[in-house]
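Results of the structural survey
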Amino acid sequence: MARAQKQSDRGGETAGSGERRSGRATAGSVQSVDRAVSVLEILARHGEAGVTEIADELDVHKSTAFRLLGVLENRGLVAQAKERGKYYLGAGVLRLAGAAAVRLDISQEGVPVCREVADELGETVNIAVLDDDAAVNIMQARGTASVTAQNWLGRRTPLHATSSGKVLLAHASPTLREGLLARSLPRFTERTITGASVLRGELEAVIEQGYAVTVEELELGLTAVAAPVRAHDGRVIAAISVSGPVYRLNSDRLPEVAKRTVAAGAELSRRMGYGF
């Protein structure tokens, strides 16, 4: 029995030491992230710096600074001028900053466009951008007829079951599009498209006609129409959509709403520099 008690004690000590090791690992990971961010801040401040300079500012050994720089370089966040041995911020930082700037610009430029369409049609107008494998709504305006509509702002919505998502997916990279089509797509209503071949045909239609329509594919009673928003270089960077209840956005009214949505997408694209 004493032997069993000792084994139990040793087991407790092992578990406790495991928890302590886990705690130290977590703390170490946070410290590494903090140091990596500090490296980026140092390079932003100085323009470029060598391993020794960065190690001195971080108060770490040169080998630690070198490892941090290696990870950041692999992700394209820093680059090295080989002839001088100095590091500077890489194109990856510009990519991240550019993505943030685009969202800010669209949100700002989209306000008057969304407001005008919402007032004219009386329905909810949203702007969505691609966020990994979902669409996220970054701007919303409500019309007079949609005072009880739910708030879509900030919501991530599925690409295959929303009008904005279909627009973004239709214009996404082949890798992302085919990757999503290869998955098992979740069903939200009986009208949700879950078959890859049917969805592929739907996306081809989106490209051809210039807009996407969903009728009760995400939620029962909800219809939406979306059109692409382009950057100055022609890339589709967002989708603008009009949504409302099926009884208001019926088959008789959909052509008018689709035409207005496409016009709104073209106007917002112009504001983003497309066509100049």
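Rules used throughout
- Residues numbered from 1 in each chain as written.
- Predicted model: local features only at pLDDT ≥ 70, side-chain atom pairs only at ≥ 80, totals over all residues.
- Heavy atoms only, no water.
- Core = buried A, V, L, I, M, F, W, Y, C linked by side-chain atoms within 4.5 Å.
- Buried < 20%, exposed > 50% of the residue type's maximum accessible area, 1.4 Å probe, protein only.
- Helix = DSSP H or I, 4+ residues; strand = E, 2+ residues; numbered from the N terminus.
- Contact = heavy atoms within 4.5 Å.
- Arc of directions from axis to C-beta.
- Salt bridge = Lys/Arg side-chain N within 4 Å of Asp/Glu carboxyl O.

Focus: the nonpolar core
Ile106, Cys114, Val125, Ile127 and Ile240 are the most contacted members of the largest nonpolar core, which has 27 residues in total. For this core, the elements supplying multiple residues, two or more each, are helix H4 (91-121), strand S3 (124-131), strand S4 (134-141), strand S7 (222-230), strand S8 (236-245) and helix H8 (254-271). When residues of this core are assigned to their parent elements, the largest contribution, six residues, is made by H4. Ignoring anything within four residues of it in the chain, the contact list for Ile127 reads Ile106, Gly110, Cys114, Val136, Asn137, Ile138, Met139, Ala238, Ala239, Ile240 and Leu268.

Section: helix H6 (residues 174-181)
Residues Arg177, Leu180 and Leu181 constitute the buried set of H6. Down the axis, H6 shows its buried residues gathered within 100° of arc, on one side only. Close packing links the buried residues of H6 with helix H5 (163-170) and helix H7 (196-209).

A closer look at the pattern of salt bridges
Per the stated rule, a full pass over the model turns up 18 salt bridges. The closest approach of N and O atoms between Arg260 and Glu116, which form a salt bridge, is 3.5 Å. Here Glu116 lies in helix H4 and Arg260 lies in helix H8, a separation of 144 residues in the sequence. Taking the relative accessible area as the measure of exposure, Arg260 reaches 17% and is therefore buried. Between Arg270 and Glu267 there is a salt bridge, with the nearest N and O atoms lying 3.0 Å from each other. Within this pair, Arg270 and its partner Glu267 are both found in helix H8, separated by three residues, close to a single helical turn.

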